[in-house]
Amino acid sequence: MSRYRPPTPPGSKYITPEGAKRLRDELDQLWLEERPRVTIAVSEAAAQGDRSENAEYTYGKKRLHEIDRRVRFLRKRLEGMTIVDTPAADPKRVYFGAWVQVEHAGGGVRWYRLVGPDEFDMAPDYISMDSPLGRSLLGKRQDDEVTVALPTGTDTVIIVAVRYGHAP
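Notes on the structure in this doc start here. (Residues numbered from 1 in each chain as written. Predicted model: local features only at pLDDT ≥ 70, side-chain atom pairs only at ≥ 80, totals over all residues. Heavy atoms only, no water.)

1. Comments concerning the sheet that holds strand β4 (residues 109-115)
Here's step 1: The sheet built from five strands is open, its strands ordered β5-β4-β3-β7-β6 with mixed pairing. Two strands in the sheet have a free side with no partner beyond their single neighbour: β5 (126-128) and β6 (145-150). On average, each strand axis in the sheet is inclined to that of its neighbour by 45°, with strand direction left out of account.
Here's step 2: The sheet contact formed by strand β3 (residues 99-104) and strand β7 (residues 153-163) spans six bridges and is antiparallel. (Pairing = 2+ DSSP bridges. Helix = DSSP H or I, 4+ residues; strand = E, 2+ residues; numbered from the N terminus. Axes fitted to C-alpha atoms, helices over the stretch in contact; angles between N-to-C directions.)

Shown next, in the form of structure tokens:
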């Protein structure tokens with residue numbers, strides 16, 4: 001069995017100012033705080049002698065590789081991002097950054113915010129614009145009925161309200 005994994009397709013290149021700040025903060029914390037601390041620990045472990053049986057040295061080196069990999073990812077990702085901080089041209093349509101209230105076919109009503117793939121985990125009501133629901137909502141208007149193709153079947157939602165700015 002091969003260990004090869006095909007590369008994951010890159011997500012959308014849009015991000016909110018809050019999401020960009022979170023990624024920059026993570027990059028700064030890894031590069032300016034954690035990496036120097038781990039580097040010192042690895043050099044101290046290396047000074048103890050035999051590295052082949054030195055667990056602190058081995059795990060420290062692994063952690064350095066993890067940090068370096070994440071730093072490379074964050075730098076490359078932030079480099080190509082477009083920070084969207086301007087209001088939508090048509091506030092009645094669903095675009096990136098919109099808060100959308102939808103009514104599901106089962107009767108439940110819920111607010112969602114359309115965000116980029118790097119920030120949907122910031123809050124439980126954030127959904128990625130690359131998700132099936134996010135892709136289906138983009139460009140639609142209030143009172144539009146949208147059919148969403150899900151892995152488990154389809155779901156029909158009605159857009160009840162669209163809002164930009166802070167959480168409803």
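2. Examining helix α2 (residues 55-79)
Here's step 1: Compared with the 36 Å implied by 1.5 Å per residue over 25 residues, the 36 Å span of α2 between its first and last C-alpha is a close match.
Here's step 2: Residues of α2 that are buried include every one of Y57, G60, L64, I67, D68, V71, L74, R77 and L78, and no others.
Here's step 3: The inward-facing, buried residues of α2 contact α1 (17-46).
Here's step 4: For α2, the N-terminal cap is N54; the gap from its side-chain oxygen to the backbone nitrogen of E56 is 3.2 Å. (Expected span 1.5 Å × (residues − 1). Buried < 20%, exposed > 50% of the residue type's maximum accessible area, 1.4 Å probe, protein only. Contact = heavy atoms within 4.5 Å. Polar contact = N/O pair within 3.5 Å; in protein donor to acceptor, adjacent residues only side chain to side chain.)

3. Section: the side chain of T16
Here's step 1: Here T16 shows up in the loop between β1 (14-15) and α1.
Here's step 2: Beyond its immediate chain neighbours, meaning those up to four positions away, T16 contacts I83, V84, F96, R113, V115 and E119.

4. Some remarks on the packing of aromatic side chains
Here's step 1: Within the structure shown, the criterion is met by two aromatic pairs.
Here's step 2: Consider the rings of W99 and Y126, whose centres lie 5.9 Å apart with planes at 70°: the pair is edge-to-face. Placement of the pair is W99 in strand β3 and Y126 in strand β5, with a sequence separation of 27 residues. Grouping residues by exposure puts W99 and Y126 together as buried. (Phe/Tyr/Trp six-rings, centres within 6.5 Å; stacked < 30°, edge-to-face > 60°.)

5. A short note on the pattern of salt bridges
Here's step 1: Going through the model one piece at a time under the given rule, you end up with 10 salt bridges.
Here's step 2: Between R63 and E34 there is a salt bridge, with the nearest N and O atoms lying 2.6 Å from each other. Residue R63 is found in helix α2, and its partner E34 is found in helix α1; the two are separated by 29 residues along the sequence.
Here's step 3: For R63, a relative accessible area of 29% puts it in the partly exposed group.
Here's step 4: Note that R93 and D90 form a salt bridge whose closest N and O atoms lie 3.7 Å from each other.
Here's step 5: The structure contains a network of salt bridges with shared partners spanning E34, R63 and E66. (Salt bridge = Lys/Arg side-chain N within 4 Å of Asp/Glu carboxyl O.)

6. Here's the deal with unusual backbone geometry
Here's step 1: In the Ramachandran plot, D143 falls in the positive-phi region, its phi being about 75° despite a non-glycine side chain.
Here's step 2: On the secondary structure map, D143 appears in the loop between α3 (132-137) and β6.
Here's step 3: Classification of D143 by relative accessible area gives exposed; the value is 60%.

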